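The chain contents come next:
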Amino acid sequence: MNTDQVRNFKEKIWNNILVLYLILSSGSILFGVNESIIVGGFSFLVIVQIITAKMKVTISKNSVFILIFLIFIILLSYFFNMNNLSASSINFELGFILKIINAILFVNIFPAEKFKRIFIKQIFVLSFISLVFYFSFLVFPGLMNRIPALLSTDSYVNYLIYVHHPPLYAIRLRNYSIFSEPGVYQAFLNVALLFLIMHNEPGQEKKILLGFSVYQSIIFLFLVIAILTTFSTTGYIALMLNFAILLFKKFRFIFVFPFATLLIVGLISSTYFHQTIYEKIVKTKNSSTERRGKDVELEWMMFLTRPVLGYGYTYFDVKKELLKDSKINEQWTGSTNSIFYHAAMYGFIFMIAVLYGFYRFSFLVSDKIFVGILIFSLFLFLLIGETFLQKMLFLVIGFYGISIRKIHQVYYQ
């Protein structure tokens, strides 16, 4: 290979490593829970990429403004609510600030088109691997004890590229892939599906379904099947939103409703959906469902009490007492969603700034107003489902909307 080919090869390797790191650090069991190491490791990789590739980093004015603004709000909220300095509080706040710096630096050195393309391919590979394991274990349960495992505990068995959890409720088996929860995995699948749906069609490729090429149709099929095997209520609803986005993108407005109605009714009436809803919500008082509802209730109350700057790090002390009074089963401090959690912690000014990024991103990747509204609704729904704003991957998506003027749609060949 000549010099240019070697340089291009190295660049592809680094690009894939950076995107994979974003995915793994946002919910993979493999990465563990030490966020200081996780965030610092990504900072190191980005700096190495800049130095080795001899990049000239030019950060947009919008990025600089939003970076200074968000850091100011976080620090102001911290000191306004500070009872006493502690190592854990400093580590938490500085760690979150570093995540924001990492995300903004990433979007200014990594083109959005390239990010979306690599993200789709990597999630597709993860979905393929997870489905091989999932259906193999479903059909041949004995394989679980014959395949070498990296780690086996009472809670799960880690095969490194697939994590098996014992079935919950009456659902036989749920697809976790390599992540801590099916609810985390489905979010990556639905985001990849969204990116795939919002592609641009090269004229030379043969289309077989809704403007998708053969290769794109295969990716689409694997992503949808993987979402269904998560048995995630949030994932199913997000999938329906993706279907609606696809239909509104491909058809004229007047023809969408009958197609969308048939599709959504068909999915809702399916055995899988009914089984999931019944077992997780209706049949028994599920602790996870109870906790999610209680988090929204308590955090909304906290937000109304301090709407401007929130509670800062004292959120955890206040939430702990509120949970005790509520007498629900799950008493760990923290949250199960991003929007109400961060609103209670940093106030509405912080949330408006962050959500504005997702709003702009939604309309930058769409060419129709209603499609943009649906995309933004999808992001809101996913953010309510998990604490994704604490993860660099979703911060990156939001900051793409703030940092650039136009996202060119990509060919996935």
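Chemist: Could you clarify how one ought to interpret the packing of helix α8 (residues 233-250) against helix α14 (residues 369-385) in this entry?
Modeler: The relative placement of two packed helices is expressed as an angle between their axes plus a distance between the axes. The interhelical angle for the contact between α8 and α14, taken along N-to-C directions, is 170°, at an axis separation of 9 Å. Judged by the inter-axis angle, α8 sits roughly antiparallel to α14. Residues Thr234, Ile237, Ala238, Leu241, Asn242, Ala244, Ile245, Phe248 and Lys249 of α8 touch α14, and the partners they reach there are Phe370, Val371, Leu374, Ile375, Ser377, Leu378, Phe381 and Leu382. Considering only residue class, the contact of α8 with α14 consists of 13 nonpolar, three polar and one charged.

Chemist: Is there a simple way to explain the sheet that holds strand β1 (residues 151-152) in this structure?
Modeler: Either a parallel or an antiparallel arrangement is found when strands of a sheet pair, and the pairing is made through backbone hydrogen bonds. Spatially, β1-β2-β3 is the arrangement adopted by the three strands of the open sheet, whose pairing is antiparallel. Only two strands of the sheet have a single neighbouring strand rather than two, namely β1 and β3 (163-164). Bridge count between β1 and strand β2 (residues 157-158): two bridges; the pairing is antiparallel. Directly across from Ser152, in β2, lies its bridge partner Val157.

Chemist: For this particular structure, what's the right way to read the side chain of Asn158?
Modeler: Mapped onto the elements, Asn158 comes out in strand β2. By relative accessible area, which is 6% here, Asn158 ends up buried. Side-chain polar atoms of Asn158 contact the backbone nitrogen of Leu160, separated by 2.8 Å. When neighbours within four sequence positions are excluded, Asn158 is seen to be in contact with Ile29, Ala149, Leu150, Leu151 and Val163.

Chemist: What am I meant to see in the environment of Phe110 here?
Modeler: With respect to the helices and strands, the residue Phe110 is situated in the loop between α4 (87-109) and α5 (112-139). Residues Phe110 and Val19 lie 91 residues apart in sequence; the distance between their C-alpha atoms is 9.8 Å. With near-sequence residues (within four places) excluded, Phe110 lies in contact with Asn15, Leu18, Val19, Phe115, Ile118 and Tyr400.

Chemist: Got a minute to help me understand unusual backbone geometry in this structure?
Modeler: Keep in mind that most residues, glycine aside, have a negative phi and that most peptide bonds are trans. Residues other than glycine seldom take positive phi values, yet Leu160 does so here, at roughly 75°. Mapped onto the elements, Leu160 comes out in the loop between β2 and β3. Relative accessible area serves as the criterion here: at 45%, Leu160 is assigned to the partly exposed category. Positive phi, close to 60°, is recorded for Lys327, a residue that is not glycine. By relative accessible area, Lys327 is classed as exposed at 73%.

Chemist: Is there a simple way to think about the confidence of the model for the protein in this case?
Modeler: Regions with low pLDDT carry predicted coordinates that are not meant to be interpreted in detail. The predicted model of the protein has a mean per-residue pLDDT of 84, with 84% of residues at 70 or higher. Of the regions scoring below 50 in pLDDT, residues 408-413 engages in 29 contacts with residues more than four places distant in sequence or in other chains.

Chemist: Honestly, the packing of aromatic side chains in this entry has me stumped. Any pointers?
Modeler: For any pair of aromatic rings, geometry is given as the distance between the ring centres together with the angle between the planes. The final tally for this structure, using the stated rule, is 41 aromatic pairs. Measuring from centroid to centroid gives 5.1 Å for Phe133 and Tyr162, while their planes differ by 10°, and the two rings are stacked. Note that Phe133 is positioned in helix α5 and Tyr162 in the loop between β2 and β3, a separation of 29 residues in sequence. Like Phe133, the residue Tyr162 is buried in the burial classification.

Chemist: Looking at this structure, how should I read the pattern of salt bridges?
Modeler: Working definition: two side chains of opposite charge can pair if their charged atoms are close together. Inspection of every chain in the model, using the stated rule, returns seven salt bridges. The shortest N-O distance in the salt bridge between Lys319 and Glu299 comes to 2.9 Å. Here Lys319 is found in helix α12 (residues 315-326), whereas its partner Glu299 is found in helix α11 (residues 287-305), with 20 residues between them in sequence. Residue class for Glu299 comes out buried when judged on its relative accessible area of 0%. Lys324 is paired through a salt bridge with Glu321; the nearest N and O atoms lie 3.9 Å apart. Note that Lys324 and Glu321 are positioned in helix α12 at a spacing of three residues, about one turn of the helix. Relative accessible area serves as the criterion here: at 43%, Glu321 is assigned to the partly exposed category. Here the residues in one salt-bridge network are Arg291, Asp295, Glu299 and Lys319, joined through shared partners.

Procedures and definitions
Residues numbered from 1 in each chain as written. Predicted model: local features only at pLDDT ≥ 70, side-chain atom pairs only at ≥ 80, totals over all residues. Heavy atoms only, no water. Axes fitted to C-alpha atoms, helices over the stretch in contact; angles between N-to-C directions. Helix = DSSP H or I, 4+ residues; strand = E, 2+ residues; numbered from the N terminus. Parallel < 35°, antiparallel > 145°, perpendicular 65-115°, else oblique. Contact = heavy atoms within 4.5 Å. Nonpolar A, V, L, I, M, F, W, Y, C, P; charged D, E, K, R; others polar. Pairing = 2+ DSSP bridges. Buried < 20%, exposed > 50% of the residue type's maximum accessible area, 1.4 Å probe, protein only. Polar contact = N/O pair within 3.5 Å; in protein donor to acceptor, adjacent residues only side chain to side chain. pLDDT = per-residue confidence, 0-100. Phe/Tyr/Trp six-rings, centres within 6.5 Å; stacked < 30°, edge-to-face > 60°. Salt bridge = Lys/Arg side-chain N within 4 Å of Asp/Glu carboxyl O.

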